[in-house]
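# An overview of the molecular structure
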Amino acid sequence: MNVPIVNQPDPSQAGPSLLLRNARLPGGDDVVDVEIVDGGIRRIGPRQPGHGAETAVDLGGRWLIPGLWDNHVHFSQWTQTTRRLDVSAAGSATDAAALVAARAQHTQPGEVIVGFGFRDGLWPDAPTRHVLDAASAGFSVVLVSGDLHSCWLNSAALAAHGFAAHPTGLLSETDAFTVVGGLNTVADSVLDGWALDAAHQAARRGVVGIVDMEMTWNLDVWQRRMRSGANLLRVEFSLYSEHLDRALELGLRSGDSITDTGGLLTVGPFKVITDGSLNTRTALCFDEYPGMESEPLSHGVQNVPAHELQTRLRRAVTAGIRPAVHAIGDRANRLALDAFEQLAAEGLPSHGSIEHAQLLTPTDVARFARLGVVASVQPEHALDDRDVTDRYWVGRTDRAFVLGDLLAAGATLAFGSDAPVAPLDPWVTMAAAVGRTKDGREPWNPEQAVSRQAALAASARGRHRITVGEVADLAVCEIDPLVASLSDLRRMPVAATLIAGRFTHNTLSTAGQLPS
């Protein structure tokens, strides 16, 4: 069955003509009016009498900016995180087990204890099935790591997921993804309700759109949600290798808009996960991980052979689907860039993105701009991972999270959170990129910081300022983001958010037509 597709967004969700009065634009104090007609910005300038807008809203001198995007989200997992046991503060396997034991006292028979957020890279003791067995009071326990690339299970959970013979209970990469996928047993109606709550929260932070990298067939999920009235976010849904045949049969192409979703749902990228992650010590690197020299995977994990990666990308781009290649270690990034370069050599589109790009050689930094490959990065990861980076990428941290170098080389940056790995909040992301610090610590590799203007552009599809002719996807801020302090940037109060001139979040007075 073919999916109805249109090449241009459906304007049916655009609001009535709207006049936003007394707005300031970032970096200046001039006050302007912004006229929105048919969901687009028709005029920016001084107040004019007789504007004729159906509704006028006084911004009271607040700052009007382009609406924000999170370019890398696992949305369904993000919606479930707050409902799972938080083990992110555990400093050891023993600490995590104690949190499990406390939860077990309040768990109903037959329930599975699911936790999220552990990071064992710096733990003094090893996470084993036996440690969890002693704490779980007979319940099945699955703890998902903060980077999503490993899971820690007790014996009961291992048996339930088909890994009864596993020696440690610590699964990584494909095995971990399989387990996480099997945890999504919440009824669609319940999960969709949670997703709506999360969308409201995102809109309150000025977010107008996300790229959903959830590892499932996202088309059906988001069609169901939007046809039931979920209209608070634009969504670009990703495709994985196991979905590529189905996508090609349906004729999906990146950028296509799916009908009956109000122009909000579009086909996103084709994602391939080529290596693991730093915290799980599976990111593919040229150098061995300290302390792992005698282990067979001491350089990390290569999930997809180079020739297979090339084949998959060629097949996708030939069909008009943009690639998004997960690569974290420097060797993985080299292989990904090599694949893009081969596409260019064959006369095929080499444009796409590398997701994460956490460790790079200087030579490869320059290749992003030359090949037109977007560096889709998550600045908050640099702050969450700074200590584990100092330990496992010792002597190479000057090549880690090099946002400043990428920007200086002419690369395009696209910011995201990788939620639930970091919060779905572009202001947190921007503050991390600008300040390279949080929690009062000294800035980490501050030479790799970027300007507030660059951070805003990376969070708003390349724009740091609104212009006439654009779709009116907007956010209204209480503080100018181009001069805000780091603390104000991280907590930025957002007064309103609009998609195509329609409010998705609003704390302002809307009293209808105001006098001219």
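Preceding block: the structure.
Here's what I pulled together on the structure shown here. (Residues numbered from 1 in each chain as written. Predicted model: local features only at pLDDT ≥ 70, side-chain atom pairs only at ≥ 80, totals over all residues. Heavy atoms only, no water.)

Turning next to the pairing of strand β16 (residues 265–273). With respect to burial, β16 is a largely interior element, nine of its nine residues being buried. Bridge count between strand β14 (residues 234–240) and β16: five bridges; the pairing is parallel. Following the sheet pairing, Leu239 is matched in β16 by Phe270. In the sheet, β16 pairs with strand β17 (residues 323–327) via four bridges, with the strands oriented parallel. When the sheet's bridge partners are listed, Phe270 is paired in β17 with Pro323. Once you follow β16 into helix α9 (residues 306–318) and on to β17, the crossover reads as right-handed. (Buried < 20%, exposed > 50% of the residue type's maximum accessible area, 1.4 Å probe, protein only. Helix = DSSP H or I, 4+ residues; strand = E, 2+ residues; numbered from the N terminus. Pairing = 2+ DSSP bridges. Right-handed = clockwise from strand over helix to strand, strands pointing away.)

Our focus in this paragraph is helix α15 (residues 426–435). Of all ten residues in α15, ten are buried, a share of seventy percent or more. Within α15, burial applies to Pro426, Trp427, Val428, Thr429, Met430, Ala431, Ala432, Ala433, Val434 and Gly435. For α15, the N-terminal cap is Asp425; the gap from its side-chain oxygen to the backbone nitrogen of Trp427 is 3.0 Å. Positive backbone phi, approximately 55 degrees, marks Arg436, located one or two places after α15. (Polar contact = N/O pair within 3.5 Å; in protein donor to acceptor, adjacent residues only side chain to side chain.)

This part covers the packing of helix α10 (residues 330–345) against helix α11 (residues 362–371). Following both chains from N to C, one finds α10 and α11 inclined at 30 degrees, their axes separated by 11 Å at the closest point. Overall, the two elements α10 and α11 adopt an arrangement that is roughly parallel. Seen along the crossing, α10 lies across α11 with a hand that is left-handed. Residues Asp330, Asn333, Arg334, Leu337, Asp338, Phe340 and Glu341 of α10 lie in contact with α11, whose contacting residues are Asp364, Arg367, Phe368, Arg370 and Leu371. Among the residues forming the contact of α10 with α11, the class breakdown is four nonpolar, one polar and seven charged. (Axes fitted to C-alpha atoms, helices over the stretch in contact; angles between N-to-C directions. Parallel < 35°, antiparallel > 145°, perpendicular 65-115°, else oblique. Left-handed = near helix turned anticlockwise from the far one by under 90°. Contact = heavy atoms within 4.5 Å. Nonpolar A, V, L, I, M, F, W, Y, C, P; charged D, E, K, R; others polar.)

Right, let's talk about the packing of aromatic side chains for a bit. Following the criterion strictly, the structure yields six aromatic pairs and no others. On the numbers, 5.8 Å between centres and 35 degrees between planes, the contact of Phe118 with Trp123 is tilted. Trp123 shares its class with Phe118; the two are buried. Taking the centre distance of 6.1 Å and the plane angle of 70 degrees together, the rings of Phe118 and Trp152 count as edge-to-face. With a gap of 34 residues between them, Phe118 in strand β9 (residues 112–118) and Trp152 in strand β11 (residues 150–153) connect regions that are remote in the sequence. Across the pair, exposure class does not vary: Phe118 and Trp152 are buried alike. One cation-aromatic arrangement involves Arg24 over Trp63; the distance from NZ or CZ to the ring centre is 5.6 Å. In this structure, Arg461 is placed above the aromatic ring of Trp69, and the distance from its NZ or CZ to the ring centre is 3.7 Å. (Phe/Tyr/Trp six-rings, centres within 6.5 Å; stacked < 30°, edge-to-face > 60°. Lys NZ or Arg CZ within 6 Å of the ring centre and 35° of its normal.)

Next up on the list: the environment of Asp30. Its location among the elements puts Asp30 in the loop between β2 (18–24) and β3 (31–37). Between the C-alpha atoms of Asp30 and Gly45, which are 15 residues apart in sequence, the distance is 9.5 Å. Apart from residues no more than four positions distant in its own chain, Asp30 is found in contact with Ala23, Arg24 and Leu25.

A word on the pattern of salt bridges. All told, the structure shown has 33 salt bridges when counted by the stated rule. Between Arg461 and Glu236 there is a salt bridge; the shortest N-O distance is 3.1 Å. In this pair, Arg461 is assigned in the loop between α16 (452–458) and β21 (474–477) and Glu236 in strand β14, connecting sequence segments 225 residues apart. Residue classification places Arg461 among the partly exposed positions, given a relative accessible area of 38%. Put simply, Arg490 and Glu380 hold a salt bridge, and the shortest N to O gap is 3.2 Å. (Salt bridge = Lys/Arg side-chain N within 4 Å of Asp/Glu carboxyl O.)

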